[in-house]
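Coordinate inspection notes
One-letter residues, chain by chain:
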Amino acid sequence: MTEVAQSAEAELGGLLRSLGVRRGGVLMVHASLGGTGAAPERVRDELLAVLGPAGTLVVPAFTPENSDTSRAYRQAVAGLSEAEATAYRRAMPPFEPDATGCPTMGALAECVRSSPGAVRSAHPQTSFAGLGPGAATLLRGHALQNHLGRRSPMARLYAADAQILLLRVGFEVCSAFHYAEYRTRPRPPRRTYRCVAGDKGNWIEYRDLALDDSDFGEIGSRLPDGMVTVGEWVSRAVVLCRVREVVDHATGQMSRYRRALA
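Predicted, not measured: the structure shown is a model, and the values here were computed from it.

Per the counting criterion, the structure on display carries 6 aromatic pairs. Each ring, one from Phe-171 and one from Phe-177, has its centre 5.7 Å from the other, and the planes form 10°; the classification is stacked. Neither Phe-171 nor Phe-177 differs from the other in exposure class; each is buried. Members of the aromatic cluster, joined through ring pairs, are Phe-171, Phe-177 and Phe-216. Just above the ring of Tyr-158 sits the side chain of Arg-244; from NZ or CZ to the centre is 5.7 Å.

Shown next, in the form of structure tokens:
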């Protein structure tokens, strides 16, 4: 490990405490460790140390790779022939809660998901993984037709007044804003989703809201200053906020200007 990486890891705990991460609380983390040199295991351990033994760490463990209705799939088959795309689809592995990785969520999320004692919710596309005494309760029950709504762990994170840590990433990836989409009126349109789960070739289909993250960065930029605490770690911003506050504010924003754009 380089001296830079050692220094970064040593600084992280102090930064998290100064930002206001609650000891004994629930913390949902979106992170990008690229370029830091920090080992995801060490970052995980720093987060758990700041949270303390009564605290719970949660990460998104989404798996768009096993769906043919996802952006990840469209990117993967772009430029392939029809035969190549068909072969690719047939070879797509099914979602298995205890085994399927979440590579697009970053090294920290995959580290938490694969840690001994980790709990994972059951949704084949938008699961969450967690460590700590509250993980099993927060992540139990995740309805197939409810990616991130009232029958998902996101609703329980909201009820628990969890904090959100954006560690070197922006609000563009803040999945809590999707919960605001379920709370807007009128409701967004619905669409069909497909993914493979359980066994290879076992494709399932269901309907849910047409989730849209294209304006999440803009929504985040409009949050009041007092709603976010900002620091810096390895040359990028680190943001701490509360699920309940930012979701309530985002719901109001979406209800106003998304309706105006419709």
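Picking up where we left off.
It is worth spelling out a positive patch on the surface at this point. Taken together, Arg-150, Arg-151, Arg-185, Arg-187, Arg-190 and Arg-207 make up a surface patch of like positive charges. Inspection of the secondary structure assignment puts Arg-187 in the loop between α8 (176-183) and β6 (190-196).

It is worth spelling out the pattern of salt bridges at this point. Tallied over the entire structure, the rule returns 11 salt bridges. Note that Arg-194 and Glu-205 form a salt bridge whose closest N and O atoms lie 3.9 Å from each other. Pair noted here: Arg-194 is in strand β6 and Glu-205 is in strand β7 (residues 203-209), with a separation of 11 residues, a long-range link. With relative accessibility at 55%, the residue Glu-205 sits in the exposed group. Ionic contacts of the salt-bridge type, sharing partners, join the residues Asp-68, Arg-89, Arg-194 and Glu-205 into one network.

Here we take up the environment of Cys-195. Of note, Cys-195 is situated in strand β6. The residues touching Cys-195, leaving out its near neighbours within four places in the chain, are Asn-66, Ser-67, Pro-124, Gln-125, Asn-202, Trp-203, Ile-204 and Tyr-206.

Core analysis: the biggest nonpolar cluster contains 36 residues, and Phe-128, Met-154, Leu-157, Ile-164, Phe-171, Ala-176 and Phe-177 have the highest contact counts within it. Ranked by residues supplied to this core, first place goes to helix α10 (residues 243-261) with 6 residues. Non-local contacts of Leu-157, meaning those with residues more than four positions away in its chain, are made with Val-26, Met-28, Val-58, Leu-138, Ala-162 and Val-243. In this structure, Leu-15, Val-21, Ala-31 and Val-50 belong to the second largest nonpolar core, which totals 29 residues.

Attention now moves to helix α2 (residues 40-51). Between its terminal C-alpha atoms α2 stretches 16 Å, which fits the 16 Å expected from 12 residues at 1.5 Å a residue. By the burial criterion, the buried members of α2 are Pro-40, Val-43, Arg-44, Leu-47, Val-50 and Leu-51. Along α2, the residues classed as buried sweep out an arc of 130° about the axis, all on the same side. Positioned one or two residues after α2, Gly-52 has a phi angle of 80°, which is positive.

Basis of the calculations
- Residues numbered from 1 in each chain as written.
- Predicted model: local features only at pLDDT ≥ 70, side-chain atom pairs only at ≥ 80, totals over all residues.
- Heavy atoms only, no water.
- Phe/Tyr/Trp six-rings, centres within 6.5 Å; stacked < 30°, edge-to-face > 60°.
- Buried < 20%, exposed > 50% of the residue type's maximum accessible area, 1.4 Å probe, protein only.
- Lys NZ or Arg CZ within 6 Å of the ring centre and 35° of its normal.
- Patch = residues over 30% accessible without salt bridge, like charges linked within 9 Å, V, L, I, M, F, W, Y side chains within 5 Å.
- Areas by Shrake-Rupley, 256 points an atom, 1.4 Å probe, with all protein chains shown as cover.
- Salt bridge = Lys/Arg side-chain N within 4 Å of Asp/Glu carboxyl O.
- Lys, Arg positive; Asp, Glu negative; His and termini not counted.
- Charge placed at Lys NZ, Arg CZ, Asp CG, Glu CD.
- Helix = DSSP H or I, 4+ residues; strand = E, 2+ residues; numbered from the N terminus.
- Contact = heavy atoms within 4.5 Å.
- Core = buried A, V, L, I, M, F, W, Y, C linked by side-chain atoms within 4.5 Å.
- Expected span 1.5 Å × (residues − 1).
- Arc of directions from axis to C-beta.

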